[in-house]
Amino acid sequence: MARWILARRDGGVRKGGCGKAVAVEAGLDRSLVELINLRVSQVNGCAYCLNVHTRAALRAGETTQRLGVLAAWRDTELFTERERAALALAEATTEPANAVAQESAYEAARQALNDDEISAVIWVAITINAFNRVSVLSKHRVPLIPGSPRG
């Protein structure tokens, strides 16, 4: 498996593999990973990934209420400090040109997450960003679930 490295605040390094493997190793629960996948997919406008990860989030125990307001997570009190830090860091990873937001998100993450969790959030965000781009550019279609209204 390929290995990547992220710097740690103590000057050491944190090695990891793909986003999912790093998340498991760091102890991020599946629900938080899916919130990250969904939020990044919302920012990137990837319908296919939104479809896949909404179902995965529901299977991981997420509620329809939290999923329904995820795009406006900052305006609710439905997310924990840890989740809020992870979502902000995932957004900053998705839009790296905003250096101020990136620094602010990283500082907030340092207050709520440990080094391994920070690395895992970044790698999950990087991984879903890559999948979003492939899906958007490939024009992956969202399949109709049998029995669903067609709108």
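Before reading on, note that the structure itself is shown above.
A short tour of the structure in this document, coming up. In this text, all values refer to a predicted model and were calculated from it rather than measured experimentally. (Residues numbered from 1 in each chain as written. Predicted model: local features only at pLDDT ≥ 70, side-chain atom pairs only at ≥ 80, totals over all residues. Heavy atoms only, no water.)

Describing the overall build of the chain
Helix and strand counts for the chain stand at seven helices and two strands. Secondary structure elements of the chain, listed N to C terminal, follow the sequence β-β-α-α-α-α-α-α-α. Across the 151 residues in the chain, those meeting the buried criterion constitute 40%. The long-range share in the chain, meaning contacts at least 24 apart out of those at least 6 apart in sequence, stands at 61%. In the form shown here, the chain has an accessible surface area of approximately 8,500 Å², with 55% of it arising from carbon and sulfur atoms. (Helix = DSSP H or I, 4+ residues; strand = E, 2+ residues; numbered from the N terminus. Buried < 20%, exposed > 50% of the residue type's maximum accessible area, 1.4 Å probe, protein only. Contact = heavy atoms within 4.5 Å. Areas by Shrake-Rupley, 256 points an atom, 1.4 Å probe, with all protein chains shown as cover.)

Thoughts on the nonpolar core
With 24 residues, the main nonpolar core has L28, I36, L113 and V121 as its most contacted residues. Put simply, the parts of the chain that give this core at least two residues each are α1 (19-26), α2 (30-44), α5 (81-94) and α7 (115-138). Excluding anything up to four places from it in sequence, L28 contacts A23, V33, R82, E117, A120 and V121. Of all hydrophobic cores here, the second largest spans eleven residues; its members include L35, L38, A57 and F79. (Core = buried A, V, L, I, M, F, W, Y, C linked by side-chain atoms within 4.5 Å.)

Topic: the side chain of T76
The topology assignment puts T76 in the loop between α4 (64-68) and α5. A polar contact of 3.3 Å, which involves the side chain of T76, links it to the backbone nitrogen of L78. (Polar contact = N/O pair within 3.5 Å; in protein donor to acceptor, adjacent residues only side chain to side chain.)

Thoughts on the pattern of salt bridges
Counted under the stated rule, the structure contains eight salt bridges. Where E107 meets R110, a salt bridge forms, and the shortest distance between an N and an O atom there is 3.7 Å. Placement of the pair is E107 and R110 together in helix α6 (residues 99-112), with a separation of three residues, close to one helical turn. Through salt bridges with shared partners, one network takes in D29, R82 and E117. (Salt bridge = Lys/Arg side-chain N within 4 Å of Asp/Glu carboxyl O.)

Observations concerning the packing of helix α3 (residues 47-59) against α7
With their axes 8 Å apart at the nearest point, α3 and α7 run at an angle of 130° to one another. Taken as axis vectors, α3 and α7 run oblique relative to one another. Taken together, the residues of α7 that come into contact with α3 (itself represented by Y48, C49 and H53) are I128, F131, N132 and S135. When the residues that make up the contact of α3 with α7 are grouped by side-chain class, the tally is four nonpolar, three polar and no charged. (Axes fitted to C-alpha atoms, helices over the stretch in contact; angles between N-to-C directions. Parallel < 35°, antiparallel > 145°, perpendicular 65-115°, else oblique. Nonpolar A, V, L, I, M, F, W, Y, C, P; charged D, E, K, R; others polar.)

Comments concerning α7
What sets the pattern is the α-helix's 3.6 residues per turn: residues three or four places apart point alike. For α7, with 24 residues, the first-to-last C-alpha span of 35 Å sits near the 34 Å given by 1.5 Å per residue. N-capping of α7 is provided by N114, with a side-chain oxygen placed 3.0 Å from the backbone N of D116. The first or second residue beyond α7 is K139, which carries a positive phi of 55°. (Expected span 1.5 Å × (residues − 1).)

Thoughts on unusual backbone geometry
Phi is positive for K139, which is not a glycine, with a value near 55°. Here K139 shows up in the segment after α7. Exposure remark for K139: the relative accessible area of 67% places this residue in the exposed category.

None of the figures reported here should be taken as evidence of function without further support.
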